[in-house]
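Each chain is listed here by its residues.
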Amino acid sequence: MTERAPDVVPSDEALLVARAGEGDEEAFEVLVRRHGRAMPQPAIRLLGDRADAEDAVQDAFVNAWRKLPEFRRDASFHTWLHRIVTNRCLNRLRARRPAAGLDSVPEQATPEHQVSPARAVESRAAVVAPAEAMAGLSPEQRVCWVLREIQGLSYESIAETVGIRLQAVRGRVFRARRHLTEAMSAWR
């Protein structure tokens, strides 16, 4: 289930890509308008932060503009752009420093009349556990898992988007599922 920009006619698309590759800024603006709306959502899911995702998408469009003359057209423009966005997200995930441990975050005082301490601990743990489980994945596993399980892409589309072999995608998704299942086993 790859996302496709709505009003895209393949021959029209090819002409716009060719013109943009020759430096036509207006043609590139049309491509950005057509495909720009579909790019932030996967980036948000991969990075978990809207501002970071918007930055990654913006970087991807700048990179696409620079690299457009090199676009070989062996994939659709949408797929090529999705690959650039995914790679930008991967780079950001790899560059992130490990998150501070839970012990280093001060606990906020909660008025007694609002929530019982046991309920507060359980609620906090229910939010923290999935985030910690996802943080335990390598960036490569996280990207493949999100593209498969959340975006619903086929293994073949993921391989094309990430630029790896089909078997590598299957292995990363399998290891991510196994890790998440183990990490969340206490919540079953």
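Residues numbered from 1 in each chain as written. Predicted model: local features only at pLDDT ≥ 70, side-chain atom pairs only at ≥ 80, totals over all residues. Heavy atoms only, no water.

### Regarding the overall build of the protein
Here is step 1 of the chain: In terms of helices and strands, the protein carries nine helices and zero strands.
Here is step 2 of the chain: For the protein, the N- to C-terminal ordering of α and β elements is α-α-α-α-α-α-α-α-α.
Here is step 3 of the chain: Here the contacts in the protein between residues at least 6 apart in sequence split such that 68% fall between residues at least 24 apart.
Here is step 4 of the chain: As presented, the protein carries roughly 11,600 Å² of accessible surface, and 51% of it is formed by carbon and sulfur atoms. (Helix = DSSP H or I, 4+ residues; strand = E, 2+ residues; numbered from the N terminus. Contact = heavy atoms within 4.5 Å. Areas by Shrake-Rupley, 256 points an atom, 1.4 Å probe, with all protein chains shown as cover.)

### Remarks on the pattern of salt bridges
Here is step 1 of the chain: Tallied over the full model, the rule gives seven salt bridges.
Here is step 2 of the chain: With its nearest N and O atoms 2.4 Å apart, the salt bridge here joins Arg34 to Asp12. Here Arg34, found in helix H2 (residues 25-36), pairs with Asp12, found in helix H1 (residues 10-21); they are 22 residues apart in sequence, far enough to count as distant.
Here is step 3 of the chain: In this structure, a network of salt bridges that share partners links the residues Asp12, Glu13 and Arg34. (Salt bridge = Lys/Arg side-chain N within 4 Å of Asp/Glu carboxyl O.)

### Let's talk about the environment of Pro40
Here is step 1 of the chain: Looking at the element boundaries, Pro40 is found in helix H3 (residues 40-47).
Here is step 2 of the chain: For Pro40 and Gln58, which are 18 residues apart along the polypeptide, the C-alpha to C-alpha distance reads 9.3 Å.

### Topic: helix H4 (residues 50-67)
Here is step 1 of the chain: With 18 residues, H4 should cover 26 Å at 1.5 Å per step; its first-to-last C-alpha distance of 25 Å lies within 8% of that length.
Here is step 2 of the chain: Turning to H4, its buried residues number three or more, namely Asp52, Ala53, Ala56, Val57, Ala60, Phe61, Asn63 and Ala64.
Here is step 3 of the chain: Where H4 is buried, its residues touch H2, H3 and helix H5 (77-95). (Expected span 1.5 Å × (residues − 1). Buried < 20%, exposed > 50% of the residue type's maximum accessible area, 1.4 Å probe, protein only.)

### Comments concerning the side chain of Gln141
Here is step 1 of the chain: In this structure, Gln141 sits in helix H7 (residues 139-150).
Here is step 2 of the chain: Those residues in contact with Gln141, other than ones at most four positions away along the chain, are Arg172, Arg175 and Ala176.

### Side note on the nonpolar core
Here is step 1 of the chain: Core analysis: the biggest nonpolar cluster contains 44 residues, and Leu68 and Phe77 have the highest contact counts within it.
Here is step 2 of the chain: Among the elements that line this core, the one with the most residues is H5, at eight residues.
Here is step 3 of the chain: Setting aside chain neighbours within four positions, we find Phe77 in contact with Glu13, Val17, Phe28, Leu31, His35, Leu68 and Phe71. (Core = buried A, V, L, I, M, F, W, Y, C linked by side-chain atoms within 4.5 Å.)

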